[in-house]
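Listed below are the residues making up each chain.
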Amino acid sequence: MAEWPSVPSPMARRIRALDWTATTFGPIEHWPLNLRSIVDLMLGAPGPAAIGWGADQSTLFNDAFADLIGGDAAALLGRPFREIWADRETSEITAAVLAGKVRLGSDQYRELPHRADRPFAWLTSSWTPLYDGGGTPIGFYLASFETTEAVLAKRALQEREIQQAYLLRLSDGLRALSDPVAIQREACRQLGEQLRTDHAYHVVLHPAEGVAVIEQDYTRGGVRSFVGSYSLAVLHWFVPLYRKGQPIVVADMRTTDLVPEPERTTLAADGVVAWIAVPLMSRGELVGALCVVRGEAFAWSEADVALVSETGERIWTAIQRARAETLAQENDRHRLFLQEVRLRRTDGQYRGASRAGQPLGMDRFVSLSVDIAERHRAEERLRRNNALLNAINHIFDVTLGAASESELADIALKVAAELVASPVGFMGATNPRTGRLDTLAIFRSCEDSGKRHSAAALEGAVRSLYEPASCHNLAPSNPYQSPGSVLLLPIKQDGAVIGVVALAGRSGGYRPEDREAAEALAPAIGHALLSKRAETGLRESEQRFRQFAQASFDFLWILNAETFEGEFASPAVQRVWGIDPDASLGDARVWATHLVPEDRPAAFARLERVRNGETAVYEFRILRPSDGAFRWLRTHTFPIVDEDGRVRRIGGITTDVTDIHQAEHHQRVLLAELQHRVRNIMALIRSIVVRSAERAESVSDYAALVSGRLVTLARVQSRLTRAPQAGIAISTILRDELAARAEHDDQYDLAGLEIELAPKAAEVLTLAIHELTTNALKYGALSSSGGRVTVRWQRIERKDIPWLSLLWTETGGRASIEPAQGQGQRRGFGTELIEGLIPYELCGNGRIELTPEGACCQLEFPLTNGASILETHAPPPTSVNGGSLDMTGQAALDGHRILVVENEFYLANDTARALNRVGATVLGPYSDEATALRSLDRNRPTGAVMNINLGRQAAFGLARALTERGIPFVFVTGYEAEAIPPEFADVPRLEKPVELRRIVGSLARQLGEQPLNPA
């Protein structure tokens, strides 16, 4: 059986080790399951926990509880709980718990003398009854946690609040006092009452006189007052203590080492047993002290010392204030005075005067007065000008921040109204379409509580005057008196009135200076409104442009005309150019590197022309990085000028015209094919026309022959053009011809496999069937109602090639394809078509025989494809020629990692793209040898293309590193062969300028890769 309890703790080991046989618990192996469970819970508890069990409440506890007990706590295991945790309150709690009640004790204080740092604690504990198997309480479970820190913090907070309340009362009490002695008396009283001391006194040191003076103190309980003057020589022992500047705290004067022995006895006899003295310092010098005293020993707290210190500082501050006020009052009695007054001259005019004087004794003074009326007027003008400037600045400041013209108008009208003290105002703008006023803002001062002025009335009055016919003659005036005096100010632009500001209701009317200020402010308001209107229009224009650019299928862009750096790119750049809009901004090389090298110079030349003020439309090719496709782009480019007409930016609209280029090429191919096939069909028609004339017996007969054959040709061509890649079923050809000529369906019988003929075979067979049907209608089975045409066909094999075998048989007719006398020697068109055209065009054979009842025809030809004379298959789509970037036929470099080292930007990037086109992974490009060498060690390339001159002179460090590692490479350089060391004589040298195909081909040969078309 496993050891129990198994909790890894000292108390668990102690419980396992003890012999419990003689205790209330009994042998540990017999402990009931509920007791064992509670013991495990107790031992694992994070705080102090204990168990009392049985009649004497034998105790088990955990390590945290042992720490609370202290000493040899382990020896107390199994002892009655009353011997371990004895007090009256605990006895009452245990009795209640054993009666089946739960108890909670909050913040209970206990002395813990074994703890040196803090020999006490506050605990919060829960007491839970434990029951035996019959449900009778047999013990308790005690769980505790220490709340000492919380209790101390709470008490400290309460104490601080009490101290703060005291300090507030002290400050209020001292503030009203101006006598230093009264200040000391009041402060000592409040301090003594707050700390409940027997004595509180304030000492002032006078080192020059050699005395210490106590002017006021506070005592209680018959304690002797210390008020008086004391020689510093007698008090020689405490001055050095004071000079240290630190509070002196004595809990018991009779035992302290701070005070010499003779003085300790004397002070204790005077009731000074517990003592706090706080030195008062001024500019580093000792000036006094504040002391409190108790007549018995007392443990002062830190809060008590702090309170005495803060009181001392307040006493000293209040005394200094009182002395300063006394000195100021004394100086006022002899101080010069200066005042401004308003005097009435003998002529009745009031003038401002500045008067300066000085008292002479108690009842006389001498003074000098100066007329300052002109100065007042100048100051008033300066004040008005400053107010006007502040108003103008405020309007201009808010112009940029205002969200709308209406918001700006509200602010500007309020500024104007406040400038001339107007309680009501109105601002309107001229509507260019109607010539009438649109309301921009209405102002009414919140101080106009009596509603003596109406903004609506002012607006109505202004509108009654503001008619389109008179608006240009509007001038600042006071045209009417209701509602009160009115100031009417036009807002002008280029001499035309575009709005009006109306102010009204100033108390006493508008003075000339008010009108002057308002008239000066009006242009600023107009300028601000026009600026905001222009800003709003520009913002709306920019928003419309951005919406247009967002929705445009074409790529819209703007470049800096000086640097060609991208400043704006619409989202369509992702679709057209294959790069992210943000990536296309900045350095011109970002977008220019995607141009096919042959087209790049011409594109930059067009941009130069646009930079000089021209417009240009040009096309070029790019290698689109998003999908690696070559695309044709057409760009409309135009200059964007500033207000001085200088080209600052270049704008453009770029369209992907690849599909147009391919469609145009396709159209040219189709046109050439159409011309060829029209010539073919015209030749066939010519043959039909000519050969039909040979057998025609009359004009009408000729017309019928030609018409029938052309209709048959047209019908088969119609079928072919509707489904150009599909054939025509034999049954369809036969049924179309016979159904059109037979009197009823019983006149023909068709049977055979469903076989589709190629276009060429369908054309020839249709013409042959037409001739047979026409002949049968004239002379054969279809010429009489009892005649019948039987057609059978099948697929046969000849030399593993499928052939068609068709037999045409007529019965019940008048036999003769060539019935006329004297014409037996001439072959008719039908006979020649069957026996001549089928072998010639279809590589088969045809034979026709005449019988008494009609014709019998045997046709055979291979079932192979043959083009119609109107074959309409679309030509294959064309691809865009990528110029020097087109690597068609070059060796595939899939799986190769090629290091590209070249300091010419465009050549480096073009080389990288060319290598990408043949499947290589490009490392770089790098423009310097050091970076390339680091990549060499990190990426381990399988080949390299490098320039020699990457700085001021040729460098071969990278070439040697490549050689040492056995990595094939080629030089692309402008140096002659003599500049290359002999050790690299076997390395291919491609002299600039060089075609990209040569670079790729030369590197492929170095890598041992063969081109796709070696020829």
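Up top is the structure these notes are about.
Residues numbered from 1 in each chain as written. Predicted model: local features only at pLDDT ≥ 70, side-chain atom pairs only at ≥ 80, totals over all residues. Heavy atoms only, no water.

Quick look at the pairing of strand 11 (residues 285-294)
Part 1 of the argument: With nine of 10 residues buried, strand 11 is to be regarded as a mostly interior element.
Part 2 of the argument: For strand 6 (residues 199-206) and strand 11, the ladder comprises six bridges, and the chain directions are antiparallel. Across the sheet, residue V204 finds its bridge partner in strand 11, namely G288.
Part 3 of the argument: Inspection of the sheet shows strand 10 (residues 274-282) paired to strand 11 by nine bridges, in the antiparallel sense. (Buried < 20%, exposed > 50% of the residue type's maximum accessible area, 1.4 Å probe, protein only. Helix = DSSP H or I, 4+ residues; strand = E, 2+ residues; numbered from the N terminus. Pairing = 2+ DSSP bridges.)

Some remarks on the sheet that holds strand 28 (residues 801-811)
Sheet strands associate in pairs through backbone hydrogen bonding, adopting either a parallel or an antiparallel arrangement.
Part 1 of the argument: Judged by pairing direction, the sheet is mixed, and its five strands sit side by side in the order 25-27-28-30-29 without closing on themselves. The open sheet has two edge strands, strand 25 (748-752) and strand 29 (845-851), and neither has a second partner. Across the sheet, the axes of successive neighbouring strands diverge by a mean angle of 10°, strand direction being ignored.
Part 2 of the argument: Across 11 bridges, strand 27 (residues 788-798) lies against strand 28 in antiparallel orientation. Along strand 28, the bridge assignment pairs V789 with E810.
Part 3 of the argument: Where helix 21 (residues 759-778) meets the sheet, it contacts strand 28, strand 29 and strand 30 (854-862), and its direction lies at approximately 10° from that of strand 28. (Axes fitted to C-alpha atoms, helices over the stretch in contact; angles between N-to-C directions. Contact = heavy atoms within 4.5 Å.)

Some words on the environment of A297
Part 1 of the argument: For A297, the position within the fold is in the loop between strand 11 and helix 10 (302-332).
Part 2 of the argument: Each C-alpha atom, one on A297 and one on A251, is 5.6 Å from the other, the two residues being 46 residues apart in sequence.
Part 3 of the argument: The contact partners of A297, leaving out residues within four places of it in the chain, are A251, D252, R254, V273 and A274.

Side note on the pattern of salt bridges
Part 1 of the argument: Applying the stated criterion across every chain yields a total of 45 salt bridges.
Part 2 of the argument: Its salt-bridge partner being D656, residue R631 comes within 3.0 Å of it at the nearest N-O pair. With R631 in strand 22 (residues 629-641) and D656 in strand 23 (residues 647-656), this residue pair connects regions lying 25 residues apart in the sequence.
Part 3 of the argument: Judged by its relative accessible area of 17%, R631 falls in the buried class. (Salt bridge = Lys/Arg side-chain N within 4 Å of Asp/Glu carboxyl O.)

Thoughts on unusual backbone geometry
Part 1 of the argument: Omega for the bond connecting G924 with P925 falls within 30 degrees of zero, at 0°, which places this linkage in the cis form.
Part 2 of the argument: Mapping P925 onto the fold places it in strand 32 (residues 921-926).
Part 3 of the argument: For the peptide bond that leads from K992 to P993, omega is -10°, which places it in the cis range.
Part 4 of the argument: If you trace the backbone, P993 turns up in the loop between strand 35 (989-991) and helix 26 (996-1007).
Part 5 of the argument: Positioned with a positive phi, C843 is a non-glycine residue whose angle comes to about 60°.
Part 6 of the argument: Position of C843 relative to the elements: it lies in the loop between helix 22 (829-842) and strand 29.
Part 7 of the argument: Residue class for C843 comes out exposed when judged on its relative accessible area of 57%.
Part 8 of the argument: A positive phi angle is found at R940, which is not glycine, with a value near 50°.
Part 9 of the argument: Considering the arrangement of structural elements, one finds R940 in the loop between helix 24 (929-939) and strand 33 (943-946).

Here's the deal with the sheet that holds strand 6
Part 1 of the argument: Read from one edge of the open sheet, six strands run 8-7-6-11-10-9, paired in antiparallel fashion. Edge strands, defined here as strands with exactly one partner in the open sheet, are strand 8 (228-231) and strand 9 (248-250). With strand direction ignored, the average angle separating the axes of adjacent strands in the sheet is 20°.
Part 2 of the argument: On the sheet, helix 7 (residues 180-195) packs against strand 6, strand 7 (211-219) and strand 11 and is oriented at approximately 50° with respect to strand 7.

A look at the packing of helix 12 (residues 405-419) against helix 14 (residues 512-551)
The relative placement of two packed helices comes down to the angle between their axes together with the axis-to-axis distance.
Part 1 of the argument: Running from N to C, helix 12 and helix 14 point in directions that differ by 170°, and their axes come no closer than 10 Å. Classified by the angle between their axes, helix 12 and helix 14 sit roughly antiparallel to one another. Listed contacts from helix 14 to E405, L408, A409, A412, A416 and L419 of helix 12 are A517, L521, I525, A528, L529, K532 and R533.
Part 2 of the argument: When grouped by side-chain class, the residues that make up the contact of helix 12 with helix 14 number 10 nonpolar, no polar and three charged. (Parallel < 35°, antiparallel > 145°, perpendicular 65-115°, else oblique. Nonpolar A, V, L, I, M, F, W, Y, C, P; charged D, E, K, R; others polar.)

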